[in-house]
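A structural walkthrough
Each chain, letter by letter, is given below.
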Amino acid sequence: SSFEAPKTYDPPQLKPGYVQCPCINWLAHRSPLCARPACPCCCVAYGYCWQPGGYYVDLLEPDDWFIKMLTTGTSSNFPSELLKGIYWMEGNLSGEVLTTFHDANWTTPSLGLKLWWFNWATDYSLLGCAMKHY
């Protein structure tokens, strides 16, 4: 089978009406829900405390942690040089922001399984925190 790339970037998740219950800002990447540094709205900070090995990074100073992400070792069955690097998940409504694929467990050339706690950056938001725990 062949795949033809779309001519324009037009993902359905960025169109009006895609998000149900838009009156509560819980899904956005910069959602303030439960992320403010005051009780009881500090559950995001509390949730990240229970995440072993997690660390905060500064997107304005990426060199050190980009190197850390890219030097974790490549899977022995990595299928393609095209998948090397760090991927920014533009247009992704979920709390995921950056990831790598070189360290996934590739079961076939088109299916890689990856644990979210290795090289998978999430937002400092309620959704990003929940994704790291479930």
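Structure: above.
Scope of this entry: the structure provided in the associated data block.

1. Here we look at the overall build of the protein
When helices and strands are tallied, the protein shows three helices and five strands. Of the regular secondary structure in the protein, the N- to C-terminal order runs α-α-β-β-β-β-β-α. A separation threshold of at least 6 residues defines the contact pool for the protein, and within that pool the share at least 24 residues apart is 54%. Of the roughly 9800 Å² that the protein leaves accessible, carbon and sulfur atoms contribute 64%.

2. Re the pattern of salt bridges
On inspection of all chains with the given rule, the structure shows three salt bridges. Of the charged contacts in the structure, one is a salt bridge between E81 and K84, with a shortest N-O distance of 3.1 Å.

3. Looking at a negative patch on the surface
A cluster of acidic residues, D58, E61, D63 and D64, forms a negative patch at the surface. Within the secondary structure, D64 sits in helix 2 (residues 63-70).

4. Focus: the environment of Y87
With respect to the helices, strands and loops of the structure, Y87 is situated in strand 1 (residues 86-88). With relative accessibility at 26%, the residue Y87 sits in the partly exposed group. Separated by 10 residues in the primary sequence, Y87 and V97 place their C-alpha atoms 8.2 Å from one another. Contact partners of Y87, with chain neighbours within four places excluded, come to L82, V97, L98, T99 and F101. Among the polar contacts made by the side chain of Y87, one reaches the main-chain carbonyl oxygen of L82 at a distance of 2.8 Å.

5. Focus on the nonpolar core
Counting residues in hydrophobic clusters, the biggest one holds five residues: W65, M69, V97, L98 and A121. Elements represented by at least two residues in this core include exactly helix 2 and strand 2 (96-100). Aside from chain neighbours lying at most four places away, what touches L98 is L59, W65, F66, I86, Y87, W88, N119, W120 and A121.

Conventions used here
- Residues numbered from 1 in each chain as written.
- Predicted model: local features only at pLDDT ≥ 70, side-chain atom pairs only at ≥ 80, totals over all residues.
- Heavy atoms only, no water.
- Helix = DSSP H or I, 4+ residues; strand = E, 2+ residues; numbered from the N terminus.
- Contact = heavy atoms within 4.5 Å.
- Areas by Shrake-Rupley, 256 points an atom, 1.4 Å probe, with all protein chains shown as cover.
- Salt bridge = Lys/Arg side-chain N within 4 Å of Asp/Glu carboxyl O.
- Patch = residues over 30% accessible without salt bridge, like charges linked within 9 Å, V, L, I, M, F, W, Y side chains within 5 Å.
- Lys, Arg positive; Asp, Glu negative; His and termini not counted.
- Charge placed at Lys NZ, Arg CZ, Asp CG, Glu CD.
- Buried < 20%, exposed > 50% of the residue type's maximum accessible area, 1.4 Å probe, protein only.
- Polar contact = N/O pair within 3.5 Å; in protein donor to acceptor, adjacent residues only side chain to side chain.
- Core = buried A, V, L, I, M, F, W, Y, C linked by side-chain atoms within 4.5 Å.

That's the geometry; what it means functionally is another story.
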